[in-house]
Amino acid sequence: MDALIIHRLHFAYTVTFHYLFPQLTMGLALLIVVLKTAALRPGGEYYNRAARFWIKIFAVSFAMGVVTGIPMEFQFGTNWARFSKASGGVIGQTLAMEGVFAFFLESTFLGLLLWGEQRLGPRRHWLAAFLVFLGSWISGFFIIATNAWMQHPTGYSTQPDGRIVLADFWGLLLNPWLIWQYLHNMIAAVVTGSFVMASVGAFYLLGKRHETCARIFVRTGVIAGVIACLLLLFPTGDQQGRNIAAYQPVTLAAMEGLFHTARGAPLVVVGQPDTDKLMLDNPLVVPKMLSFLTYRRWTAEVKGLDQFPRDSWPDNIPLLYYSYHIMVGLGTIFIAVMLLAGLLLWRGALYRSPAMLWILILSLPFPFIATTAGWITAELGRQPWLVYGILRTADGTSASVSAGSGLFTLIGFMGMYTILSILFLFLVYRELEHGPEPDGGAGDLVAGEAPSLAKGGR
């Protein structure tokens, strides 16, 4: 097997596994702040218990993210040495700032969040929660800034020896690609956190355990989920799509399976791309919708793949096409699920609706799938470039690392990550069994605590 393919598979595996955890922690970080804010009100002890439970889940996920994230940065040197040598003068800036400004902030105050509640008191403990949230979202910003530069390079200059160096720091951080990619990514993390929180609450409600905190989980997850799902569609998803149309039109054509330039281009709902015949099989389309969504005109021309040289096409169009449509399809389902759950919550019927609670439970893995499909879309869409328009993927690998060496380490990583997965699931299972309430139930309400929750109110 070709060494380039092995290097790509290796990095794809490690980054996909790693990102299962940051998306959860970034989403939960915001929701924990919401719970801690509610806990400051009179009678907020059950919100505090709910926050303590999710802080433990956050800590386990954060540790997994650290353990699986460090090897990824080493891979820049081991598997992608020529890429690191060429572009390290730019990406080294954002990756260093992520570590110095974000990671240490997040990890320091996570310690206070876990073990400092008694010493800090309610308000300073809330501040610790907020700073953990701030650190996690700043971390996300610098990581996305790195990726956004690879998608749409700005603020750089090229040296005579081929090295790419930073010429404009603010040009790097004010990249027009960055803002919408960042917001879309972080809102997607909130969707993941919302579904996880709501599904755990639904699990407890169906099992008639920890019912007071379970209602807090469900309500917080559903309300946050409704808002986040809608923001994921508009404006963040819409604007990121328009970025792709403006800066990577060949990627847009491949994502949509648009092989031929068209005025009033249709939006494909389902279909199977045939790259040999340059057509979609069995297409189900919405006429003129792609033109409208992309350029706000029903008759606008959208460039197809026929307008671009074949060597500039993404190198796996079927996988890119299916990943994109999985992401969009699941996102549409998320909106429907959360709106229905929100309607039932507003009517006071959600906690007594086993069918809806089961839907929330069964929805748990799908935000992770959708987010993974979204990142596959972003990374495959950039191909055949590592840095779009500047450095091709084939020119960025480590020339001295053979396919055999890469395959050997990939197999080793798969074994280690399997063990880490088992450990993570065990630790989360233990927390779920213990639950958010030390008394093991919801019937032991202290006088004056969360009366509306005790009555099953909205």
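These figures come from a predicted structure and were not determined experimentally.

A.B. asks: Give me the overall build of the chain: which residues, what numbers.
C.D. replies: In terms of regular secondary structure, the chain is built from 15 helices and eight strands. For a compact globule of 458 residues, the expected C-alpha radius of gyration is about 23 Å, and the chain comes in at 23 Å, within 12% of that figure. Across its three principal directions, the C-alpha atoms of the chain cover 70 × 50 × 40 Å. Residues classed as buried in the chain amount to 52% of the 458 residues present. Across the chain, every contact between residues at least 6 apart in sequence was considered, and the portion connecting residues at least 24 apart equals 77%. For the chain, the distance from the average site of its 31 positive side-chain charges to the average site of its 26 negative ones is 8 Å.

A.B. asks: Give a detailed account of the packing of aromatic side chains, specifying residues and quantitative values.
C.D. replies: Where two aromatic rings form a pair, the distance of their centres and the angle of their planes describe that pair. In total, this model carries 30 aromatic pairs according to the counting rule given. A centroid spacing of 5.4 Å and a plane angle of 25 degrees characterise the contact between F53 and F217, whose relative ring orientation is stacked. In this pair, F53 sits in helix 3 (residues 45-78) while F217 sits in helix 8 (residues 211-247), placing the two residues 164 residues apart along the sequence. Under the relative-accessibility criterion, F53 is labelled buried at 2%.

A.B. asks: Could you give an account of the nonpolar core, with specific residues and numbers?
C.D. replies: Counting residues in each nonpolar core, the largest one holds 124 residues, and the members touching the most others are W54, F83, F217, V222 and L360. For this core, the leading source of residues is helix 7 (residues 176-206), giving 17 residues. Sequence-distant contacts of F217, that is, excluding residues within four places in its chain, are made with A50, F53, W54, M197, A198, V200, G201, Y204 and P436.

A.B. asks: Describe the pattern of salt bridges, naming the residues involved and giving the relevant values.
C.D. replies: The final tally for this structure, using the stated rule, is eight salt bridges. Residue D238 pairs with R296 through a salt bridge whose shortest N-O separation is 2.5 Å. Taken together, the positions of D238 in helix 8 and R296 in the loop between helix 10 (289-295) and strand 6 (301-302) put the pair 58 residues apart, joining distant regions of the chain. For D238, a relative accessible area of 14% gives the class buried.

A.B. asks: An account of the layout of surface pockets is requested, with residue identities and associated values reported.
C.D. replies: In this structure, the second largest pocket encloses a volume near 1,200 Å³. Contributing to the lining of the second largest pocket are 45 residues, with H184, G237, Y324, M327 and V328 lying nearest its centre. Of all elements in the fold, only helix 7, helix 8, helix 9 (249-256), strand 4 (267-274), helix 10, helix 11 (317-346) and helix 13 (366-382) reach the threshold of two or more residues within the lining of the second largest pocket. Looking at the lining of the second largest pocket, the element that brings in the most residues is helix 8, giving 10 residues. Taken together, the residues of the lining of the second largest pocket sort by class into 24 nonpolar, 18 polar and three charged.

A.B. asks: How would you explain the environment of L114 if you had to name every residue and give the values?
C.D. replies: With respect to the helices and strands, L114 occurs in helix 4 (residues 81-115). L114 sits 109 residues away from I5 along the chain, and the two C-alpha atoms are 42 Å apart. Every residue in contact with L114, bar those within four places of it in the chain, is listed here: I55 and A59.

A.B. asks: Go over the side chain of Q75 with me, naming the residues and quoting the values.
C.D. replies: Among the secondary structure elements, Q75 is positioned in helix 3. A relative accessible area of 2% places Q75 in the buried class. Here the side chain of Q75 touches T14 through a polar contact of 2.7 Å, side chain to side chain. Beyond its immediate stretch of four places on either side in the chain, Q75 contacts H10, F11, T14 and W80.

A.B. asks: How would you explain the pairing of strand 5 (residues 279-286) if you had to name every residue and give the values?
C.D. replies: The pairing of strand 4 with strand 5 spans six bridges and is classified as antiparallel. Across the sheet, the residue bridging to V268 is V285, located in strand 5. Between strand 4 and strand 5, which pair antiparallel in sequence order, lie four residues; one of them, L278, sits at a positive phi of approximately 55 degrees.

A.B. asks: For the side chain of T94, give the residues involved together with the corresponding values.
C.D. replies: Turning to its location among the elements, T94 is positioned in helix 4. Beyond its immediate chain neighbours, meaning those up to four positions away, T94 contacts F142, A145, T146, L172 and L173.

Basis of the calculations
Residues numbered from 1 in each chain as written. Predicted model: local features only at pLDDT ≥ 70, side-chain atom pairs only at ≥ 80, totals over all residues. Heavy atoms only, no water. Helix = DSSP H or I, 4+ residues; strand = E, 2+ residues; numbered from the N terminus. Rg over C-alpha atoms; globule rule 2.2 N^0.38 Å. Buried < 20%, exposed > 50% of the residue type's maximum accessible area, 1.4 Å probe, protein only. Contact = heavy atoms within 4.5 Å. Lys, Arg positive; Asp, Glu negative; His and termini not counted. Charge placed at Lys NZ, Arg CZ, Asp CG, Glu CD. Phe/Tyr/Trp six-rings, centres within 6.5 Å; stacked < 30°, edge-to-face > 60°. Core = buried A, V, L, I, M, F, W, Y, C linked by side-chain atoms within 4.5 Å. Salt bridge = Lys/Arg side-chain N within 4 Å of Asp/Glu carboxyl O. 1 Å grid on protein atoms, 1.4 Å probe; cavity = no way out; pocket = protein on both sides within 12 Å on 5 of 7 lines; lining within 4 Å. Points joined across faces, edges and corners; volume = space filled by probe spheres on them. Nonpolar A, V, L, I, M, F, W, Y, C, P; charged D, E, K, R; others polar. Polar contact = N/O pair within 3.5 Å; in protein donor to acceptor, adjacent residues only side chain to side chain. Pairing = 2+ DSSP bridges.

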